[in-house]
Structures are given as C-alpha cells and as structure tokens.
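# Inside the fold
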Amino acid sequence: MQANTPNSGTGASEDEWKPEDYRPSKQNINDIKTPKGNEPVPIGEGYATVPARVLKQIDWRSYTSATRKLLTSVFTRRELATHSLTGKSSPAFPGKPAKKRLDPELVNDIVQIVVEKSKVNASLVRKGGGNLHGYADADWANCPVDRRSYTGFYFSMSGGAISWQSKKQSSTALSSSEAEFLCLTSAAKDAVFLRRLMFEVTVKYVGSVVSRILLIHGA
C-alpha cells in the first residue's frame, strides 16, 4: 500500500520515507516573497544583512544608537546576552566565566557601516566611547520605622562606575509609582551634573544628553 507522501510517486513506502528526504525545489524558495520594506540589505563587506526598514529608521548622527539598532537586528537577544565582542572575561568580574565571542565578520560589518555613516573612529564604536549609562531603581515603603522608600542609582562610563547612590527618600511615597518617579528625579539630577562635568573637561564625543537611564523593576 502506497502512502501519500511528498515522494510517493517514486513508489517508496511510508516506512521507507523520511522527512529529511524532502527538500523544497529552488523554484519554490524563489517564489517566497519578503514583505515590502523588510528586504535584507547587506552592510559592510556583505556578511551581515539588515532589513531595509531598519536602515531607513537609523539616526546616524548618534553612533551609539545606530550601533545598538544594528546589533539587535543582526543578532538575537539571546546571543547578545550570552556573547561579547572579545569573548574574554571581564576584569571587573575575574571569577565569572567568559562569554562566547560574537561572529567577528558580522561585527566588522556593523562597525564598518557605522564608521562610514557616522564619521567616527572604529575604536570608538567598538569600545562604546564616552557612553554614559544610568540605572535606577526604588523599593516601596521598605523602612519599618517611617515606611519611606529607598532610592538607588548607578552611572557608568566606558565600562566603569563613576557615580552611585543608595539613600532613603526624603518624603513618604503613597504608591510604588511615586517612589519610582522620585528615584528617577534624583537620577536625572545626577545625570545633568555629570553631563555638564564632561563638557567642562572637554569630552567632545558625549551626546546631547545621557544615553539612557534604565529603570529596573523587580530588582
């Protein structure tokens, strides 16, 4: 008895046929159309491809934003979380095992197009330059005496911590949202100070403002 399988015309039985025996024809693959605006566009030497829509939306005036968008387009979130540019262990965490290395050919393509479009040095793109990153978080009513919340924030630049604070808030927050807003207000004040300080010491490659302050929930 013949089974109705993709290669049943050859006279193969159901027991003899295996899924890996079936391969779509080249014509079928070519018939698959990519949605308009999502056509993969090669960048750099052509090893990496990025959807045309993403390239059109990139603001090349900020090389940090451009690099981040390209990285998230070329690599998956899991790859970015478990891999690094060098594949070496961080000097800040000597006891922590090193991450795997991202594909250097894909990384080179990203660096090349950012250097060409944003007119910056390749080493600046690879190292993140003078990026100032901030992280902030707050609990809610954690003090057992007056039920005030605690503010915590941390700023890093070029991979090193430059400013941080953990302090009880001066007023009692009536909700967790209010506690978070008070926390972000304190962090933003410090961010403005750090930005002005960097301009005073002539850090020329700092952007118009701190790259971002991430609010960490559930930390």
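Residues numbered from 1 in each chain as written. Predicted model: local features only at pLDDT ≥ 70, side-chain atom pairs only at ≥ 80, totals over all residues. Heavy atoms only, no water.

### Points about the overall build of the chain
Scanning the chain for helices and strands turns up seven helices and eight strands. Expressed as a percentage of its 219 residues, the buried residues of the chain come to 29%. Contacts spanning at least 24 positions in sequence make up 46% of the contacts within the chain whose residues lie at least 6 apart. For the chain, the computed accessible surface area is about 15100 Å², with 54% contributed by carbon and sulfur atoms. (Helix = DSSP H or I, 4+ residues; strand = E, 2+ residues; numbered from the N terminus. Buried < 20%, exposed > 50% of the residue type's maximum accessible area, 1.4 Å probe, protein only. Contact = heavy atoms within 4.5 Å. Areas by Shrake-Rupley, 256 points an atom, 1.4 Å probe, with all protein chains shown as cover.)

### Here's the deal with the nonpolar core
Ranked by size, the top nonpolar core spans 21 residues in total, and within it Ile43, Leu55, Trp60, Leu70 and Val114 carry the most contacts. Among the elements of the structure, β2 (48-51), α2 (52-57), α3 (63-74), α5 (104-118) and α6 (122-127) are those that each provide at least two residues to this core. Once residues lying within four places of it in the same chain are set aside, the contact partners of leucine 55 are Val41, Ile43, Val50, Trp60, Leu70 and Ile113. Residues Met157, Cys183, Ala191 and Leu194 belong to the second largest nonpolar core, which totals 11 residues. (Core = buried A, V, L, I, M, F, W, Y, C linked by side-chain atoms within 4.5 Å.)

### Here's the deal with the confidence of the model for the chain
The predicted coordinates ought not to be read in detail in places where the model reports low pLDDT. In this model, the chain carries a mean pLDDT of 74, and residues with pLDDT of at least 70 account for 69%. Note on residues 17-35: pLDDT is under 50 here. Beyond four places in sequence and across chains, it has nine contacts. (pLDDT = per-residue confidence, 0-100.)

### Concerning the pairing of strand β5 (residues 132-138)
The two faces of a sheet get side chains in turn, since along a regular strand they alternate between them. In terms of residue burial, β5 counts as a mostly covered element, since six of its seven residues are buried. Two strands pair when backbone bridges link them, and β5 and strand β6 (residues 150-157) are joined in this way by seven bridges, in the antiparallel orientation. Bridging from a neighbouring strand, alanine 136 pairs with phenylalanine 153 of β6. (Pairing = 2+ DSSP bridges.)

### Regarding helix α7 (residues 176-200)
Taking 1.5 Å per residue as the helical rise, α7 with its 25 residues ought to reach 36 Å, and the 37 Å between its terminal C-alpha atoms agrees with that figure. The complete set of buried residues in α7 reads Ala179, Glu180, Cys183, Ala187, Asp190, Ala191, Leu194 and Met198. (Expected span 1.5 Å × (residues − 1).)

### Some thoughts on the pattern of salt bridges
Scanning the model with the defined rule gives three salt bridges in all. Residue arginine 148 is joined to aspartate 146 by a salt bridge in which the shortest nitrogen-to-oxygen separation is 3.7 Å. Arginine 148 sits in the partly exposed class, given a relative accessible area of 27%. Accessibility expressed as a relative area gives 28% for aspartate 146, which makes it partly exposed. Two residues, aspartate 146 and lysine 168, come together in a salt bridge whose shortest N-O distance is 3.2 Å. (Salt bridge = Lys/Arg side-chain N within 4 Å of Asp/Glu carboxyl O.)

### Structural notes on the packing of aromatic side chains
Under the criterion given, the structure shown has two aromatic pairs. On the numbers, 5.8 Å between centres and 65° between planes, the contact of phenylalanine 153 with phenylalanine 155 is edge-to-face. No difference in accessibility class separates phenylalanine 153 from phenylalanine 155, as the two residues are buried. (Phe/Tyr/Trp six-rings, centres within 6.5 Å; stacked < 30°, edge-to-face > 60°.)

### A look at the pairing of strand β1 (residues 40-43)
Strand direction decides the pairing type here: β1 and β2, joined by four bridges, are antiparallel. Looking across to β2, one finds that proline 40 is bridged to proline 51. Two successive antiparallel strands, β1 and β2, enclose a turn made up of four residues, where glycine 44 displays a positive phi of approximately 60°.

### Let's talk about the environment of glutamate 45
With respect to the helices and strands, glutamate 45 occurs in the loop between β1 and β2. Overall, glutamate 45 belongs to the exposed group, its relative accessible area being 58%. For the pair glutamate 45 and asparagine 108, spaced 63 residues apart in sequence, the C-alpha separation works out to 8.2 Å. Setting aside anything within four residues of it in sequence, one finds glutamate 45 in contact with Asp109 and Gln112.

### A few points about the packing of α3 against α5
Between two packed helices, both the angle of their axes relative to each other and the distance between the axes serve to describe the pair. Where α3 meets α5, the closest approach of the two axes is 10 Å, and the angle between their N-to-C directions is 150°. Taken together, the axes of α3 and α5 are roughly antiparallel relative to one another. Along this stretch, α3 crosses α5, giving a crossing that reads as right-handed. Residues Tyr63, Thr67, Leu70, Leu71 and Val74 of α3 form the contact with α5, whose participating residues are Leu106, Ile110, Ile113, Val114 and Ser118. In terms of residue class, the contact of α3 with α5 is made up of eight nonpolar, two polar and no charged. (Axes fitted to C-alpha atoms, helices over the stretch in contact; angles between N-to-C directions. Parallel < 35°, antiparallel > 145°, perpendicular 65-115°, else oblique. Left-handed = near helix turned anticlockwise from the far one by under 90°. Nonpolar A, V, L, I, M, F, W, Y, C, P; charged D, E, K, R; others polar.)

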